[in-house]
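Summary of the model geometry
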Number of protein chains: 2
Amino acid sequence: MDNVLTRKLEHFAPLPAADRQLLDEIVLPVRDVPARTDLIREGQSSDNVRLIIQGLAYRYKNLANGRRQVVAYLLPGDFCDLHVHILKAMDHSIATVSACKVVDISRHRIAEMIGRPALARALWWATLVDEGTMREWLLNVGQRPALERIAHLFCEFYVKLRAAGMVTGTSFALPLIQEDIADTTGLSMVHVNRCLQQLREAGLLKVRHRLVEINDTDGLMHFCGFNPNYLHLDNLEPVA
Amino acid sequence: MDNVLTRKLEHFAPLPAADRQLLDEIVLPVRDVPARTDLIREGQSSDNVRLIIQGLAYRYKNLANGRRQVVAYLLPGDFCDLHVHILKAMDHSIATVSACKVVDISRHRIAEMIGRPALARALWWATLVDEGTMREWLLNVGQRPALERIAHLFCEFYVKLRAAGMVTGTSFALPLIQEDIADTTGLSMVHVNRCLQQLREAGLLKVRHRLVEINDTDGLMHFCGFNPNYLHLDNLEPVA
DNA sequence: TTCGACCATCAACCTATGTTAGTCCCCGAC
DNA sequence: GTCGGGGACTAACATAGGTTGATGGTCGAA
């Protein structure tokens, strides 16, 4: 199976063949977006819904003084703005990290999806997972010390990318720079750098050249109290 | 109109009379829950969906070391766990702040609501508003300094309670203690205390005896860069 | 009316993290 | 092959906010 949307939605429950076929039609044609490019900006509205097919993107909000908070990452199979036709304007922006492949899906197609019970439930599940993730991030940023906060972020990437089949062995590609990690965790870039070195010295994880290698999965998860329940990936094979 | 659910959902769009009638049936019978009581705990699941009719409650998550993060407040008209039958277990807990009146709604009733297009859209809108709020909180906790962070929280309460008709003039009841504010903003109780005094000295806002008085609405909102767009209350009368 | 609990407040001190201002390394463009 | 730029990394210093522990209101219950 190479339809990333199907793959993602079937983490909730298997889909009828007819639904899978609809998803196969929806997933084309693909458009290329360069790295570090805004897909949609706060205040904008739009008729289409965008879906990430390949690459990494993120949602973010800015403060007037220029400070930035990343509020979510978007992986292949994630929708950018499923809600544009309910809400009048975006309350945040979305940008690519790496070069991405994106499809634009018409409003009518979305309605078609939502008309199918199995798909509607799967999309609802995806929404709930996103909410659960934001709650966990709030806990992370609000209560965990810097080292654990960063470790937790890497645990989450590990589990989500693994579910998407994007982890080979014990390492995965992650096109983030340290400043992205800083803006995700509410820390300064300098402190992120210090922490990454400490995590490396502790033998928990290595980050070099946009490649993350997790030496000690259990150790890392235990260190930051990572509990994947909030991702609701009940169909997930246990961690190796 | 005294149906808090109708009132809330009609912030999105007016509802057909038949839908309003369904909501009137749903909103009974009411059950009393004392203050500072868990409504549902992380890991639990449940067949019913709870709806807050009166009082204040909050969603929260705990760390193993006992630290607590409040991730959302629930006002009259808010559902506690609309998703229990999609997800297998709660990924967070919910507790009351003040004594609350709550209704338990059966799964079948929820399905009935979702079957009505106008209600389904209104519920979807409510979900999206909750998501938008969490993104704003992430920005708040991750990027704003303590004073602005607390000011922002009070701005949000002001606007939401005002939309719910729970603000009289320039002040409103808010049963939170300083420790709640601390656990909401990711600050220590002591620092919250310091900040509240500074906000008072600055003539922006006074908090005493669970009563908040906002002296200078515009000043307060400007001070913390509050922009209510994320609440998507397009039908809201402008701030007095 | 008194008592006890709970909550607000205060002071002294501490430290995790931020800031500034660099250097260095690597890679891709020409 | 060299140049330029982005990103990683360092060091020295600054501070916002945390911690601890004590004091003092206020209010409801008996």
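Residues numbered from 1 in each chain as written. Chains lettered and ligands numbered in written order. Predicted model: local features only at pLDDT ≥ 70, side-chain atom pairs only at ≥ 80, totals over all residues. Heavy atoms only, no water.

Under an unreviewed UniProt entry, the name given to chain A is Crp/Fnr family transcriptional regulator, and the source organism is Lichenibacterium minor.

Focus: the interface of chain A and chain B
When the parts of a complex come together, some accessible area is lost, and that lost area is often taken as the interface size. Test applied: Contacts: residue pairs with any heavy atoms within 4.5 Å of one another. The term buried area denotes the loss of accessible surface (1.4 Å probe radius) that occurs when two parts are joined, taken as the sum for both partners. The term salt bridge refers to a pairing of a side-chain nitrogen on Lys or Arg with a carboxyl oxygen on Asp or Glu at a separation within 4 Å. Here a polar contact is taken to be a pair of N or O atoms separated by no more than 3.5 Å, where protein atoms must pair a possible hydrogen donor with a possible acceptor and residues adjacent in sequence count only if both atoms sit in side chains. A run of DSSP states H or I qualifies as a helix once it reaches four residues; a run of E qualifies as a strand once it reaches two. Both are numbered from the N-terminal end.
Listed as interface residues are 43 residues of chain A and, on the opposing side, 42 residues of chain B. When the buried surface of chain A facing chain B is broken down by residue, A:Arg135, A:Leu138 and A:Gln143 rank first, second and third, together holding 18% of it. Summed over the shared surface of chain A and chain B, the result is four salt bridges. A salt bridge links A:Asp91 to B:Arg135, with the shortest nitrogen-to-oxygen separation between them at 3.2 Å. Joining chain A to chain B, the criterion identifies 16 residue pairs in polar contact (both at pLDDT 80 or more). Looking at the side of chain A that touches chain B, the elements with two or more residues in it are strand E4 (57–62), strand E5 (68–74) and helix H4 (117–143) of chain A. The dominant element in the side of chain A that touches chain B, judged by the number of residues it contributes, is H4(A), at 16 residues.

What about the protein's contact with DNA strand D?
Let me state the cut-off plainly: Throughout, near means a residue has at least one heavy atom within 4 Å of the molecule or strand. Amino acid classes used here: Ala, Val, Leu, Ile, Met, Phe, Trp, Tyr, Cys and Pro are nonpolar; Asp, Glu, Lys and Arg are charged; the rest, including Gly, are polar.
Near DNA strand D, the surroundings consist of 18 residues, among which A:Gln178, A:Gln197, A:Arg210, B:Ser188 and B:Arg194 are the closest. For DNA strand D, the fraction of protein-proximal atoms (within 4 Å) that sit in sugar or phosphate groups is 67%. For DNA strand D, a phosphate oxygen lies 3.5 Å from a polar atom in the side chain of A:Asn193. Secondary-structure elements contributing two or more residues to the surface near DNA strand D are helix H7 (189–201) of chain A together with helix H7 (189–201) of chain B. Residue classes in the surface near DNA strand D are distributed as six nonpolar, seven polar and five charged.

Some points on the sheet that holds strand E8 (residues 171–173) of chain B
Residue and element names in this part refer to chain B. So the rule is basically this: Two strands are counted as paired when DSSP detects at least two bridges linking them. In this analysis an axis means a line fitted to C-alpha atoms, helices contributing only their contacting stretch, and an angle means the value between N-to-C directions, from 0 to 180 degrees.
Read across the sheet, three strands follow the order E8-E10-E9 without closing on themselves; strand pairing throughout is antiparallel. Looking along the sheet, the strands with just one partner apiece sit at the ends: E8 and strand E9 (205–208). Geometrically, the sheet is characterised by an average inter-axis angle of 15 degrees between neighbouring strands, direction not taken into account. Relative to strand E10 (residues 211–214), E8 runs antiparallel, the two being bridged by three bridges. When the sheet's bridge partners are listed, Ala-173 is paired in E10 with Leu-211. The strands touched by helix H5 (residues 146–163) within the sheet are E8, E9 and E10, with E8 carrying the most contacts at an inclination of about 85 degrees.

Considering the pattern of salt bridges
Counted only if it meets this: Only protein chains enter the accessibility calculation, which uses a 1.4 Å probe; a residue whose area is less than 20% of its type maximum is buried, one above 50% is exposed, and one in between is partly exposed.
Under the defined criterion, the tally for this structure stands at 33 salt bridges over all chains. Of the charged contacts in the structure, one is a salt bridge between B:Arg50 and B:Asp81, with a shortest N-O distance of 3.2 Å. Separated by 31 residues along the polypeptide, B:Arg50 in strand E3 (residues 49–54) and B:Asp81 in the loop between strand E5 (68–74) and strand E6 (93–96) bring together distant segments of the chain. The residues B:Arg50 and B:Asp81 share a single accessibility class, namely buried. Among the salt bridges present, the one from B:Asp180 reaches B:Arg68, with a minimum N-O distance of 3.0 Å. Within this pair, whereas B:Asp180 is found in helix H6 (residues 178–185), its partner B:Arg68 is found in strand E5, the two being separated by 112 residues in sequence. Linked by salt bridges that have partners in common, A:Arg36, A:Arg68, A:Asp180 and A:Asp183 make up one network.

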